[in-house]
Amino acid sequence: MKIGIVCYPTFGGSGVVATELGMALANKGHEVHFITYNQPVRLDFISSGLHFHQVQIEEYPLFHYQPYELALSSKMVDIVSRFNLEILHVHYAIPHAYAAYMAKQMLKEKGIDVKVVTTLHGTDITLVGSHPSYKSAVEFSINNSDAVTAVSNNLKKQTMESFGIRKEIEVIYNFIELEKYPELLHEECQRISIAAPEERILTHISNFRPVKRTQDVIEIFSEVHKKIPSKLLLVGDGPDLSIAKKKAKDLGVYEKVLFLGNSVELEKILCYTDLFLLPSETESFGLAALEAMAAKSAVVSTNSGGLPEVNVHGVTGFLSDVGDVEDMSKNALFILKNSERLQQFKEAAYEHARRFSLQEILPYYEKIYKDLDAIRDK
Ligand code: GMT
């Protein structure tokens, strides 16, 4: 099929999922067109069926805010008509679902019936979408999409509770390409370049927004480090990074923290990892935790949002209440203290991650596209 994908082309989880999905669809022979303001960071032109169209914004001094939705919907109209796209799959409701609705109406006038699929990723519902400034537009665009998906049962529930939803929402979990995390990688892993043999490695990956509670990451690590020789790898960048650095200095663990910035080599970094920390305020799914599990890392996280659907308490790691640093530290120490136990958690994490493989999840999206195509106005 011919599919347009709209997403935020950054390191955020929704952009990662959209990009990996587009690449996987192209690999299966679909023609995929990314319509975004920049080339998505993980986009790799490995398949001939992949195309990228940049949304250009005309800067004009009169505008305090540049009208991005207008440029995006015009670009969608252009690309759908030029390449005869059948599906527009938009990731993140704001403003993509709204822009897609506008594009659909414009295309209707030209006699083109494009089907719009909206995937809700979390913050578009939980943190931003339900704000009075956006709520009616988000609700309208969800109800007027041809199909809607959410990345966890919890997110579906929260969407139903926060908005007047008339549309069926299908839960399709985030996925991972397990082949990127082969056993081989563990053997090749040059762990010694990061830590001494007796040191445990803890990792946190995020965009360092307040919702990630990165200060809790440092506090947990500091508690672990008091009892076990260890290092902390911090991957990513964002507004709270400097606060995290200061916290590490204040707690006297700065020398034991490696700040790695944004990286596209997550598989390599995760192969060093014994324990992944995700103490988020909320997380609709927690793709970063799943990626860690695919690389055989145990997970200590909060129990908020969709995290219990990913991290199984007592099996792949542990879940604690938001802000309960003491409990998360205790759980981290329990996992890390005993090598045999650590290995059990790592193996269980990997086993659980296999349920979220690309091969398992991709067919659900393909079925939605096919079902919509079958009801198209011919
Ligand atoms: O939280 C992030 O790091 C970025 C955010 C986004 O909107 O891109 O991620 C959201 O979507 C991911 C992919 O579906 C989920 O795995 C994350 O849990 C979700 N983030 C939150 O809910 C805070």
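Residue positions are counted from 1 within each chain, in the order its sequence is given. With the structure being a predicted model, the display of local features is reserved for residues of pLDDT at least 70 and the display and counting of side-chain atom pairs for 80 or more, all residues being used for whole-chain, interface and lining totals. No hydrogens and no water enter the side-chain calculation; it runs on all heavy atoms of the structure.

Note on conventions: DSSP H or I runs of at least 4 residues are helices, E runs of at least 2 residues are strands, and numbering of each starts at the N terminus. When helices and strands are counted, the protein shows 13 helices and 13 strands. We compute the radius of gyration from the C-alpha atoms alone; for a globule the expected value is 2.2 Å times N to the 0.38, where N is the number of residues. Taking 378 residues into account, the globule formula puts the C-alpha radius of gyration at 21 Å, and the protein, at 21 Å, falls close to it. In terms of overall dimensions, the protein has C-alpha extents of about 70 × 45 × 35 Å along its principal axes. In the protein, which comprises 378 residues, the proportion classed as buried is 56%. Of the contacts formed within the protein by residues at least 6 apart in sequence, a portion of 68% connects residues at least 24 apart. Under the convention used here, a 1.4 Å probe and the Shrake-Rupley method define accessible areas, while residue burial counts only the protein chains that appear. In the form shown here, the protein has an accessible surface area of approximately 16400 Å², with 50% of it arising from carbon and sulfur atoms. For the exposure calls, accessible area comes from a 1.4 Å probe over protein chains only, and a residue counts as buried if that area is under 20% of its type's maximum, exposed if over 50%, partly exposed in between. Here a residue-residue contact requires only that any non-hydrogen atoms of the pair lie within 4.5 Å.

Time to look at the domain arrangement of the protein. Marked domain ranges trace back to an automatic or database domain assignment. When the domains of the protein are assigned, the result is domain 1 (2–175 + 357–377) and domain 2 (178–356). Approximately 1700 Å² of surface area, both sides summed, lies buried where domain 1 meets domain 2, with 55% of it carried by carbon and sulfur atoms. One side-chain nitrogen of Lys or Arg within 4 Å of one carboxyl oxygen of Asp or Glu is enough to make a salt bridge. Put simply, domain 1 and domain 2 have two salt bridges between them. For Glu20, the salt bridge identified is with Lys180, shortest N-O distance 2.9 Å. Pairs of N or O atoms within 3.5 Å make up the polar contacts considered here, provided that, within protein, one atom can donate a hydrogen while the other can accept it, and that residues adjacent in sequence are counted only when both atoms are side-chain atoms. Along the contact surface separating domain 1 from domain 2 lie ten residue pairs in polar contact (both at pLDDT 80 or more). The set of elements that each furnish at least two residues to the side of domain 1 that touches domain 2 consists of helix H1 (13–27), helix H5 (153–162) and helix H13 (358–374). For this classification, the nonpolar set comprises Ala, Val, Leu, Ile, Met, Phe, Trp, Tyr, Cys and Pro, the charged set comprises Asp, Glu, Lys and Arg, and every other residue, Gly included, is treated as polar. For the side of domain 1 that touches domain 2, the per-class residue count stands at eleven nonpolar, eleven polar and three charged. What counts as buried area is the accessible surface, traced by a 1.4 Å probe, that two parts surrender upon association, with contributions from both included.

A word on the sheet that holds strand E4 (residues 87–91). Pairing between strands is defined by DSSP: at least two bridges between them are needed. Strand order in the open sheet formed by seven strands is E3-E2-E1-E4-E5-E6-E7, with parallel pairing between adjacent strands. Whereas interior strands pair on both sides, the edge strands pair on one side only; in this sheet they are strand E3 (50–54) and strand E7 (169–171). Taking each pair of neighbouring strands and ignoring which way they run, the sheet shows an average axis angle of 25°. Pairing analysis gives three bridges linking strand E6 (residues 147–150) to E7, with the strands arranged parallel. Looking across to E7, one finds that Thr149 is bridged to Glu170. Angular values range over 0 to 180 degrees, each being the angle between N-to-C directions of two axes fitted as lines to C-alpha atoms, with helices fitted over their stretch in contact. Along the sheet, H5 contacts strand E5 (115–120), E6 and E7; its crossing angle with E7, the most-contacted strand, is approximately 160°.

Consider a sheet: its strands pair through backbone hydrogen bonds, and that pairing is either parallel or antiparallel. Read across the open sheet, the six strands follow the order E10-E9-E8-E11-E12-E13; overall the sheet is parallel. Two strands lie at the open edges of the sheet, namely strand E10 (257–261) and strand E13 (317–320), each paired on one side alone. Geometrically, the sheet is characterised by an average inter-axis angle of 20° between neighbouring strands, direction not taken into account. Judged from the four bridges that link them, strand E9 (residues 230–235) and E10 form a sheet pairing that is parallel. When the sheet's bridge partners are listed, Leu234 is paired in E10 with Phe259. Packed on one face of the sheet, helix H7 (residues 214–227) meets strand E8 (200–205), E9, E10 and strand E11 (275–278) and runs near 165° to E9.

Right, let's get into H7. Its 14 residues place the ends of H7 21 Å apart at the C-alpha level, agreeing with the 20 Å of an ideal helix rising 1.5 Å per residue. Listed in full, the buried residues belonging to H7 are Thr214, Asp216, Val217, Ile218, Ile220, Phe221, Ser222 and Val224. For H7, the secondary structure elements touched by its buried residues are E8, E9, helix H8 (241–250), E10, E11 and helix H11 (325–337). Given the number of residues in a helix, its expected span is that number minus one, multiplied by 1.5 Å.

What follows concerns empty space enclosed by the protein. For cavity detection a 1 Å grid was placed over the protein atoms alone, and a set of points counts as a cavity when a 1.4 Å probe fits there but cannot get out; an open set counts as a pocket when protein lies on both sides within 12 Å along at least five of seven lines, with lining residues being those that have an atom within 4 Å of a point. Grid points are joined across faces, edges and corners, and a volume is the space filled by probe spheres set on the points. Counted according to the given criterion, the structure contains one cavity of 30 Å³ or more. Reported here for the largest cavity is a volume of approximately 80 Å³. Lining the largest cavity are Val16, Val17, Glu20, Arg42, Phe175, Ile176, Glu177, Lys180, Tyr181, Leu287 and Glu291. When residues of the lining of the largest cavity are assigned to their parent elements, the largest contribution, three residues, is made by H1. In terms of residue class, the lining of the largest cavity is built from six nonpolar, no polar and five charged. A domain split of the lining of the largest cavity shows at least three residues from each of domain 1 (2–175 + 357–377) and domain 2 (178–356).

Another point: the pairing of strand E1 (residues 2–6). With four of five residues buried, E1 lies mostly within the body of the structure. Relative to strand E2 (residues 31–36), E1 is paired through four bridges, and the arrangement is parallel. Paired with Ile3 across the strands is Val32, a residue of E2. A crossover counts as right-handed when, viewed with the strands pointing away from the observer, the path leading from the first strand over the helix to the second turns clockwise. Following the backbone out of E1, through H1 and into the adjacent parallel E2, one traces a crossover that is right-handed.

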